[in-house]
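# Structural overview
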Amino acid sequence: MKRFFLYTILSFFLLLPSAGQAPANSNDSIRLSLLTCAPGEEIYSLFGHTAIRYENPSQGIDAVFNYGLFSFNTPNFIFRFSLGETDYQLGVTDYEHFAAEYAFYGRSVWQQTLNLTDEEKTKLIQLLQENYRPENRVYRYNFFYDNCATRPRDKIEESIAGKVVYPTEPQDGSRTFRDIVHQYCKGHPWARFGIDLCIGSEADQPITQRQMMFAPFYLMDAFDGAQISTDTYSRPLVKTNKLIIDVTPEPDESGWMPTPLQCSLLLFILTAAATIYGIRRRTGLWGIDLVLFGMAGIVGCVLAFLALLSQHPAVSSNFLLLVFHPGQLLFLPYIVYCVRKGKKCWYLTLNLVVLTLFIVLFPVIPQRFDFAVVPLALVLLIRSASNLIVTSKKK
C-alpha cells in the first residue's frame, strides 16, 4: 500500500505488447513473480504489501504492477475512507524504482517466481494490460476482501489453465480478522487500540484460509504450498522463492510512549480521586463530566457513523456502542444542568445500569475488546454513580 502517487506511471505500451498480441520472442525467458513486502511503520503499511513483477529480458522490461496506489490528497479522503468509498488503482513502475524505495524505507521484499506455462504467462500479461486501461485501473478498495493482496491473487488464478489448490491448514477456521490485525499491530498499541474501537463483533467470526489471504504474508505462505491441478497432472504454483531485498529496519528511536491501557488506568485513578473528593464535599464537579461525557459522546458518534453508514466490513454490530454512543453527547447539557443544580439525573441512572451490565457481562459479550476499554467504562460508571450519591446526600 502506498502513501502517495510516488511513481510516475510508465506508458503501458512501452512495457507490454499490445492487447491480444503474443510476444514475438519465446515466453521461456519471461518471468512473472509475486512480490511480498515487509511491513512499514505507518498505519497503512503495517500489514505489508503485495505486487506482481514482470520480467522480459529480451525487451528490456522489468516492471512491477501495484494495486495499492492511492493519494491522501484526494478530495474528502478521510470522509470517503470512513464511508468505505476509498478508490485505489493499479499502477506500473520500473523495478529499480520500486526496489530503491523499499530499500530506503528498510522493508525487505520476497519474490516467488510463478511456475506458469507460456500460455498462462501470456494470459496473465493480457489480464494485467486490460486491467491497466484507464477505465479499468481504479477499483473500490475493501480492506478485508478486495485489496492489494487479493487482487494479484485473483488475476494469477484467472490466468491459470486449471485450479489452484492450496494446502489444507490446521489454522483454517480457527483465526479471525481481529487475530490477524493484532498480529500485525504488535508493537503499535495505539494502532491496535484504534482499530479495535472501530471493528465490531463480525471481525471475531472464524474465517477461512482464503479470507486470511487479505494479509500479504498469509498469501505468500499459501502460494508456497499451492499446486496447480488439472485433469491429467499437477505442478507447484511457485517455482522459486527468495529474498531479493534484504534490509534490516532501523531501530525505533521514538522513545517511550504510554500505552492505551496505561493512559486509561491513569485517567481512572484521577477520576476516582476527584469523585471521592466531590462526594465528600457534596459537589458534582460538572466540569469533569463535561469533558468525560463529551469525549465519550464524540467517540460514540464516530462508532455510530461507522456502524450505520460505512461500507467497511466488520464495523457494524459494535458492542462498544453500549459505552461510547451519541447519547453521551446529546444529553450532555441535561447532565451538566442536573449536576450543577444537584438534581437526580435519570439519564445518568440509566447510564449506570447499562455500564454496570457491560462490565459484568464483559467476558461473555461476543466481541473482543482492548482491555483499555474497561477503565474507560469504569470512569463513566463512577461519574454516573456520583450524581446519585451526591443528590441523595443533599436530601
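It should be emphasised that the depicted structure is a prediction, and the values quoted were computed from it without experimental measurement.

With that out of the way, let us pick up the packing of helix 11 (residues 286-309) against helix 13 (residues 332-341). In contact at an axis separation of 9 Å, helix 11 and helix 13 are set at 160° when each is read in the N-to-C sense. Viewed along their axes, helix 11 and helix 13 adopt a mutual orientation that is roughly antiparallel. Crossing hand, helix 11 versus helix 13: right-handed. Contact with helix 11, carried on its side by Trp286, Asp289, Leu290, Phe293 and Gly294, involves Leu332, Ile335, Val336, Val339 and Arg340 of helix 13 and no other residues of that element.

Summed over all chains, the structure comprises 16 salt bridges. Across the pair Glu55 and Arg31 runs a salt bridge, and its minimum N-O distance is 3.0 Å. Taken as a pair, Glu55 in strand 2 (residues 49-56) and Arg31 in strand 1 (residues 31-37) lie far apart in primary sequence, 24 residues in all. The salt bridge partner of Arg53 is Asp62, with a shortest N-O separation of 2.7 Å. The class of Arg53 is buried, set by a relative accessible area of 8%. A relative accessible area of 26% means that Asp62 is categorised as partly exposed. Three or more residues are tied together by salt bridges with common partners; here these are Arg31, Arg53, Glu55 and Asp62.

Next up on the list: empty space enclosed by the protein. Taken as a whole and judged by the stated rule, the model has 3 cavities of 30 Å³ or more. In this structure, the largest cavity encloses a volume near 70 Å³. Every residue lining the largest cavity is counted, 11 residues in all, and those nearest its centre are Thr283, Gly284, Val339, Asn387 and Val390. If one sorts the elements of the lining of the largest cavity by residue count, helix 15 (residues 373-394) sits on top with 6 residues. The residue makeup of the lining of the largest cavity, split by class, is 2 nonpolar, 6 polar and 3 charged.

Another aspect to go through is the confidence of the model for the protein chain. Low pLDDT means the predicted coordinates in that region are not meant to be read closely. Model confidence for the protein chain is summarised by a mean pLDDT of 88, while 88% of its residues fall at 70 or above. Within the model, pLDDT remains below 50 along residues 1-25, and this stretch shows 76 contacts once partners closer than five positions in the same chain are excluded.

Let's shift gears to the nonpolar core. In terms of nonpolar packing, the biggest core is built from 58 residues, with Ile156, Ile180, Phe223 and Leu237 touching the most fellow members. Listed by contribution, the elements that provide at least two residues to this core are strand 1, strand 2, strand 3 (61-69), strand 4 (87-94), helix 4 (118-132), helix 6 (177-184) and helix 9 (216-224). For this core, the leading source of residues is helix 9, giving 6 residues. Those residues in contact with Leu237 that lie beyond four places of it in its chain are Thr113, Leu114, Asn115, Ile156, Ile160, Val164, Phe223, Ala226, Gln227 and Ile228.

The positions that UniProt labels "transmembrane region" (unreviewed entry) are, in the present scheme, residues 259-279, 286-307, 319-339, 346-365 and 371-390. Between the end C-alpha atoms of residues 259-279 there is a gap of 30 Å, over a span that is 95% helix and 0% strand.

Turning our attention to the side chain of Asn147. With respect to the element layout, Asn147 can be found in the loop between strand 6 (138-140) and helix 5 (150-159). By relative accessible area, Asn147 is classed as buried at 1%. Within the structure, the side chain of Asn147 is placed 2.9 Å from the backbone nitrogen of Ala149, a separation counted as a polar contact. For Asn147, the side chain forms a polar contact with the main-chain oxygen of Phe214, separated by 3.0 Å. With near-sequence residues (within four places) excluded, Asn147 lies in contact with Tyr139, Tyr141, Asn142, Pro152 and Phe214.

Bringing the sheet that holds strand 6 into the picture now. Reading across the sheet, the 7 strands line up as 6-4-3-2-1-5-12 and stay open at both edges, with antiparallel pairing between neighbours. In this open sheet, the two edge strands, each paired with only one partner strand, are strand 6 and strand 12 (238-245). Neighbouring strand axes in the sheet, compared pairwise and without regard to direction, differ in orientation by 25° on average. Bridge count between strand 1 and strand 2: 7 bridges; the pairing is antiparallel. Within strand 2, the residue paired with Leu32 across the bridge is Tyr54. Helix 4 contacts strand 1, strand 2, strand 3, strand 4 and strand 5 (109-114) of the sheet and is inclined by roughly 120° relative to strand 4.

Cut-off values and rules
Residues numbered from 1 in each chain as written. Predicted model: local features only at pLDDT ≥ 70, side-chain atom pairs only at ≥ 80, totals over all residues. Heavy atoms only, no water. Axes fitted to C-alpha atoms, helices over the stretch in contact; angles between N-to-C directions. Helix = DSSP H or I, 4+ residues; strand = E, 2+ residues; numbered from the N terminus. Parallel < 35°, antiparallel > 145°, perpendicular 65-115°, else oblique. Left-handed = near helix turned anticlockwise from the far one by under 90°. Contact = heavy atoms within 4.5 Å. Salt bridge = Lys/Arg side-chain N within 4 Å of Asp/Glu carboxyl O. Buried < 20%, exposed > 50% of the residue type's maximum accessible area, 1.4 Å probe, protein only. 1 Å grid on protein atoms, 1.4 Å probe; cavity = no way out; pocket = protein on both sides within 12 Å on 5 of 7 lines; lining within 4 Å. Points joined across faces, edges and corners; volume = space filled by probe spheres on them. Nonpolar A, V, L, I, M, F, W, Y, C, P; charged D, E, K, R; others polar. pLDDT = per-residue confidence, 0-100. Core = buried A, V, L, I, M, F, W, Y, C linked by side-chain atoms within 4.5 Å. UniProt positions renumbered as here; feature names shortened; annotations may be inferred. Polar contact = N/O pair within 3.5 Å; in protein donor to acceptor, adjacent residues only side chain to side chain. Pairing = 2+ DSSP bridges.

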